Every structure is written in structure tokens, then in C-alpha cells.
Amino acid sequence: MMLLCLVLALQQAGVPTVGDTIWLERSLETPPGAEVRAAPWTPEEPIGLLGHPVIRREGSRTVVAYPAVAWSAGTHQVQVPGPIVIRRDGTTDSLPPETRTLVIASVLPDSLPLERLPVQPEAGIVMQRVTSPYPVLVALLLAGLLFTPLALWWLRPGPAMPAFNPPSDPVVLPLAEWNEAGEPRAVAAVAARSLRAVILGQLPGIPQGLVASRLVRVVAEQRPAWPAEEIGTVLRALEGVQYAAVPAGEVLELAERAGALRKRLEPTVARPERGP
């Protein structure tokens, strides 16, 4: 009895039922260098396609398989299209369609007629999963409690910088020693820059790199009491040392004249000019 039941089960297993995937295949001998493509196919009801056809090689043969499904039980005739063969020289051949007979078994039991089959009970209500933002908020709160002290420690102010107290007395540069050491250009550059600093301190808004001739005109216009002509002579001579060979003695004399002019103008810087 058990053997008979097993044979019947094996026979039943070979029959597709409604809704099963059925692979409808076409196989052909493939010429050397040829390419095989699946022809488009839209079967008629109750047969439908489940996806794109699959092409595979089996030695010298090519198999084109269409995944299909039947939506009603019984015997159905279907026309499976023939593959398209593209040869190496570009010529194309299409195989004729083949008629296949599909026997589809029903998924319903045969012991009772359809009208007497019991109706399946109603499925229960699917409970909707409740999502809550509270876990994320709690995680953010814990992260804030953990990292806030670390951030405050990292952003804490550092030690105070020591106050910078500029020297009250100006530094006297050894221009005479530089001149004796063979650095007349450095002596001239320092003397010219010191004289310009005193002049520009009394002329707000004047750019630092103003040429000597233009600076002298500004001095003559805005500070008529200053010796503009002497300032221009000394500045031009000091700046000319950078581009010409001047004896060291003359450079030191120009630096001394610049120092004397700077001292004459410094009291003017200390005492603001009064109007008439």
C-alpha cells in the first residue's frame, strides 16, 4: 500500500498546477560563430510570462527557455516562438514556432465539487508595527550627557598670554658701526625708514610706499612749517644709495642729517598743532 502511494505521489509531482512556474524551452544546433537570441513572445490567456527568457549553451546546442505560468487548470495549446539565429556573415534566420501542450492540474481537491468546497476562514488583522521616536531621543540625550563634559573640557580657555610691554625708550641702532663694517646701504635704508615713519605719523591716510617726490609735495601742502625741501633732498639721497655707489662717509653724513631732521619733527608729533 505504501509503495502504491509513493508511485502516485511521484506521478502527481510531475504535473504542474495553477500558478507554478513552467519553463518552455526551444533547443537548436548552433552553427560555429553564430549568435542565438530569443524572439519576443506574448502568450494568450490563460498563459502568461513571468520574466525575460533565459539563453544557455549546452555543448554545440543553444537552449532558449521562457518562464511561463498557467492561471487555469486543464489542457492548453501554446505556440512557443522559434529562436533567432544571427550567423557570422550577418544573415539572420528565424525558426518556426512549435506547438506545446500543457496539462495543468488544479490546486483544489477533487473529492468534492467546487460549490461544496469550504471557504477558507478570514485572515486575522495584521497588526501595524508601532514606531516611536523615543529610543532615538533617549540615545541622543545619553550621547549629549556623555560628550558634553568632554566638549567643554576641550573648549576650555587656555592660560593667559603674558602681557606685551613695548620698550619705552627707542632702540638706538649702531649706524656708525654698520657703516664701518661696509654696510652703507643698510645704514641708508634704516635712516630713510625712520625719517619716513616720523613724517607719516603726522600725515594720516598717506600710503607707506609713496615716492619721495610725491611725499615732499604732500608735506609742503599739509605741513608748510616743515623743511620740505631739506626733507626731499635727504630722502632722495638716502634712497639713491640703494642704486649707486656712494662713499661710506657721505652715507653716514646723510644718516646724521636724517636723524637731525627726525628730532626736529618729533616735537611737532608730541605737540598737536593749534589753529589760529
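Everything below is about the structure shown above.
Residues numbered from 1 in each chain as written. Predicted model: local features only at pLDDT ≥ 70, side-chain atom pairs only at ≥ 80, totals over all residues. Heavy atoms only, no water.

*Asks:* Give a description of the pattern of salt bridges that names residues and reports values.
*Replies:* Under the criterion given, the structure shown has nine salt bridges. Ionic pairing is found between Arg37 and Glu35, a salt bridge with its closest N-O pair at 3.2 Å. Using a relative accessible area of 40% as the deciding quantity, one classes Glu35 as partly exposed. The partner of Arg56 in a salt bridge is Glu58, and the shortest N-O contact between them spans 2.9 Å. We classify Arg56 as partly exposed; its relative accessible area is 32%. A cluster of three or more residues bridged by salt bridges with shared partners is formed by Glu25, Arg56 and Glu58. (Salt bridge = Lys/Arg side-chain N within 4 Å of Asp/Glu carboxyl O. Buried < 20%, exposed > 50% of the residue type's maximum accessible area, 1.4 Å probe, protein only.)

*Asks:* Go over the packing of aromatic side chains, please, and point to the residues and values.
*Replies:* What the rule picks out here adds up to two aromatic pairs. Judged by centre distance (5.3 Å) and plane angle (80°), the rings of Trp41 and Tyr66 are edge-to-face. Taken together, the positions of Trp41 in the loop between β2 (35-37) and β3 (47-49) and Tyr66 in strand β5 (residues 61-70) put the pair 25 residues apart, joining distant regions of the chain. Neither residue differs from the other here; Trp41 and Tyr66 are each classed as buried. Taking the centre distance of 6.4 Å and the plane angle of 55° together, the rings of Trp153 and Trp154 count as tilted. When the ring centre of Trp226 is taken as origin, the NZ or CZ atom of Arg223, which lies over that ring, is 5.9 Å away. (Phe/Tyr/Trp six-rings, centres within 6.5 Å; stacked < 30°, edge-to-face > 60°. Helix = DSSP H or I, 4+ residues; strand = E, 2+ residues; numbered from the N terminus. Lys NZ or Arg CZ within 6 Å of the ring centre and 35° of its normal.)

*Asks:* Mind laying out the packing of helix α4 (residues 184-201) against helix α6 (residues 228-240), listing which residues take part and the relevant values?
*Replies:* Where α4 contacts α6, the two axes come as close as 9 Å, and the packing angle between them is 145°. In the packing of α4 onto α6, the handedness of the crossing is left-handed. Counting all contacts with α4, which are made through Ala188, Ala191, Ala192, Leu195, Arg196 and Ile199, the residues of α6 involved are Ile231, Val234, Leu235, Leu238 and Glu239. Here the residues of the contact of α4 with α6 sort into nine nonpolar, no polar and two charged. (Axes fitted to C-alpha atoms, helices over the stretch in contact; angles between N-to-C directions. Left-handed = near helix turned anticlockwise from the far one by under 90°. Contact = heavy atoms within 4.5 Å. Nonpolar A, V, L, I, M, F, W, Y, C, P; charged D, E, K, R; others polar.)

*Asks:* How would you sum up the sheet that holds β2? Please name residues and give values.
*Replies:* Spatially, three strands are ordered β2-β7-β8 in an open sheet, and the strand pairing comes out antiparallel. Where the open sheet ends on each side, the last strands, each with one partner, are β2 and β8 (92-94). Strand-to-strand twist of the sheet, defined as the mean angle between neighbouring strand axes without regard to direction, takes the value 20°. Bridging between strand β7 (residues 84-86) and β8 involves three bridges; their strand directions are antiparallel. Paired with Val85 across the strands is Asp93, a residue of β8. (Pairing = 2+ DSSP bridges.)

*Asks:* With reference to specific residues and values, describe unusual backbone geometry.
*Replies:* Cis geometry is adopted by the peptide bond preceding Pro46, which originates at Glu45 and carries an omega value of 10°. Mapped onto the secondary structure, Pro46 falls in the loop between β2 and β3.

*Asks:* Pulling in residues and values, what's your account of the nonpolar core?
*Replies:* Leu195, Ile199, Ile231, Leu235 and Leu238 are the most contacted members of the largest nonpolar core, which has 31 residues in total. Contributions of two or more residues to this core are made by α4, α5 (212-222), α6 and α7 (248-270). Broken down by element, this core gets its largest block of residues, nine residues, from α4. Ignoring anything within four residues of it in the chain, the contact list for Ile231 reads Ile199, Val219, Trp226, Leu261 and Leu265. (Core = buried A, V, L, I, M, F, W, Y, C linked by side-chain atoms within 4.5 Å.)

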